[in-house]
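Chain residues, written in single-letter form:
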Amino acid sequence: MNSRERVLTTFDHHEPDRVPINYMANPGIDGRLKEHFGLKQNDYEGLQQALGVDFRWVHSPYTGPKLHADIPERNINVDNWGIRRRWVEHPTGGYWDYCDFPLKEADLETVVNWPMPSPDDFNYTTVYDQCKAKRDFCLVIGGAGIGDIINSTGMVRGMEQTLVDLILDEPAGITYIDRRLDVLFAMIERTLEAAKGEIDILWMGEDLGTQIAPMISLDLYREQIRPRHQRFVDLAKAHGARVMMHSCGSSSWAYEDFIAMGIDGLETLQPEAANMDPAYLKKTFGSRLTLHGCISTAGPVATGSVAETISSCRETLATMMPGGGYCFAPTHELQDNSPTANVVAMYEVGRNDGSYR
């Protein structure tokens, strides 16, 4: 099978020739992997080929003006949504962490006038050519930030205020949410149209769990989030695409709703979170949802030996592979504290022990 056939067979809950493989990583470990394989630092395709990755992203890049100024005197980068990020070092690398939350106390008028990208400021002209060039792979658009409400709003309103917004139906917060989603919806719609039916998966997200419990109640999810997500799901289906939902933490409490909405697959599937044990997920949802992840970025890949990494990955494959419906991948971006040898071993297990033949 080629990669596209492999992934689509898996989404149809049949056994392909081997499990599909995916890759996400922070810059530090990404750079070390490229060095390990003798690749240039800008050779992302070469790394995906070396690891056996079956997914490829198609993009409509932003071509409009910069809408919010950076704050160089404080080492703060500001994106086109007005989200502010400051570089924070840690022993194995660093992160662009969120700060300031510029709309935390904003009133409705401020939110209505807050600069946001326009759907007209994305380049859709190369989408079909990208699809043709990558046609042997599973073609994906979007990502964890498409359709998400809690995280992205929390980046400008703060997490506490965002949850208050959802509970109280606060006009300023709800208006920000809907303005942002309208832009993303139009951009995704135009990307799908430009792709002419070639896109296999719309990837979207919403972090619904902490490590120990749901982030919000099921009632609040159904009131505020599910209807807003449903329009993205329906859009994807209208263009013949499947839908993958990203959700960190303990999120299995929402999976029955996901199934009812027409969502096809789930990631990240963190096995250490409450009610996210791989065997439980496989037994309860494995025939109705494609499961993507379960290789913990906080487990042996990051903290164990090569032998422990191999053993853990093989155990996950033994649980998740039967009957198809599983994609081998880290639970989130591989972290910079992951030893290179462990990550290389992880992907060797996926390619070699993930075979159905």
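Figured I'd write up the structure that's included with this text. All figures in this text were calculated on a predicted structure; none of them were measured in a lab. (Residues numbered from 1 in each chain as written. Predicted model: local features only at pLDDT ≥ 70, side-chain atom pairs only at ≥ 80, totals over all residues. Heavy atoms only, no water.)

### Some details on helix α14 (residues 340-352)
What counts is decided by this rule: In this description a helix means any DSSP run of H or I spanning at least four residues, a strand means any run of E spanning at least two, and both kinds are numbered starting from the N terminus. How far a helix is expected to stretch is found by multiplying one less than its residue total by 1.5 Å. When accessible area is computed with a 1.4 Å probe and restricted to protein chains, residues below 20% of their type maximum are described as buried, those above 50% as exposed, and intermediate ones as partly exposed. Whether two residues touch is decided by their heavy atoms; if any such pair falls within 4.5 Å, the residues are in contact.
Here α14 contains 13 residues, and its C-alpha end-to-end distance of 18 Å stays within 8% of the 18 Å for a straight helix at 1.5 Å per residue. Taken together, the buried positions of α14 are occupied by T340, N342, V343, V344, A345, M346, Y347, V349 and G350. Each element contacted by the buried residues of α14 is listed here: α2 (27-36), α3 (44-51), β9 (290-295), α12 (300-303), α13 (306-320) and β10 (326-330).

### Details of the sheet that holds strand β2 (residues 76-78)
Operational definition: DSSP-based pairing: two strands are paired if at least 2 bridges between them are found. To obtain an axis, a line is fitted to C-alpha atoms, over the contacting stretch when the element is a helix, and the angle between two such axes runs from 0 to 180 degrees between their N-to-C directions.
If you trace the three strands from one edge of the open sheet to the other, you get β2-β3-β4, paired in antiparallel fashion. Single-partner strands in this sheet number two, and they are β2 and β4 (93-98). Direction aside, neighbouring strands of the sheet carry axes that sit 35° apart on average. Here three bridges tie β2 to strand β3 (residues 84-90), and the two strands are oriented antiparallel to one another. Pairing of V78 across the sheet is with R84, part of β3.

### Concerning α13
Let me state the cut-off plainly: It is the directions from the helix axis to the C-beta atoms whose arc is reported.
Counted at 1.5 Å a residue, the expected span for α13 with its 15 residues is 21 Å, and the 21 Å between its end C-alpha atoms agrees. Along α13, the positions that sit buried rather than exposed are T309, C313, T316, L317 and M320. Each buried residue of α13 lies within a common arc of 100° when the element is viewed along its axis, so the set occupies one face. Exposed side of α13, more than 90 degrees from the buried face: A307, E315 and A318 are the residues found there.

### A few points about a nonpolar patch on the surface
Let me state the cut-off plainly: Surface patches are drawn from residues lacking salt bridges whose relative accessible area is over 30%; two like charges belong together within 9 Å, two nonpolar side chains (Val, Leu, Ile, Met, Phe, Trp, Tyr) within 5 Å. Accessible areas in this description were obtained via Shrake-Rupley with a 1.4 Å probe; residue shielding takes into account the shown protein chains only. We define a salt bridge as a contact between a side-chain nitrogen of Lys or Arg and a carboxyl oxygen of Asp or Glu at a distance within 4 Å.
Together, V164, I167 and L168 make up a nonpolar patch on the protein surface, roughly 290 Å² of accessible area in all. Within the secondary structure, V164 is located in helix α7 (residues 159-168). For V164, a relative accessible area of 32% translates into the label partly exposed.

### Considerations on the sheet that holds strand β1 (residues 55-57)
The sheet built from seven strands is open, its strands ordered β1-β5-β6-β7-β8-β9-β10 with parallel pairing. Looking at which strands have only one partner, the edges of the open sheet turn out to be β1 and β10. Looking at each pair of strands side by side, their axes are set apart by 30° on average, direction ignored. Direction of pairing for strand β5 (residues 138-142) relative to strand β6 (residues 201-205): parallel, over a ladder of three bridges. In the strand pairing of β6, G142 is matched with W203. Along the sheet face, helix α1 (residues 3-11) touches β1, β5, β6, β7 (242-247), β8 (265-268), β9 and β10 and points at about 70° away from the line of β5.

### Examining unusual backbone geometry
Within the chain, H13 stands out as a residue other than glycine whose phi angle is a positive 60°. In this fold, H13 is placed in the loop between α1 and α2.

### Some thoughts on the packing of aromatic side chains
Applicable threshold: Pairing of aromatic rings covers Phe, Tyr and Trp, the last counted by its six-membered ring, and requires centre-to-centre distances within 6.5 Å; plane angles under 30 degrees mean stacked, over 60 mean edge-to-face, and any other angle means tilted.
Considering all chains together, one arrives at 13 aromatic pairs under this definition. Ring geometry for Y23 versus Y44: centroids 6.3 Å apart, planes at 40°, classification tilted. With Y23 in the loop between α1 and α2 and Y44 in helix α3, this pair connects stretches of sequence that are 21 residues apart. Taking the relative accessible area as the measure of exposure, Y44 reaches 37% and is therefore partly exposed. An angle of 85° between the planes, with centres 6.2 Å apart, marks the rings of F55 and W203 as edge-to-face.

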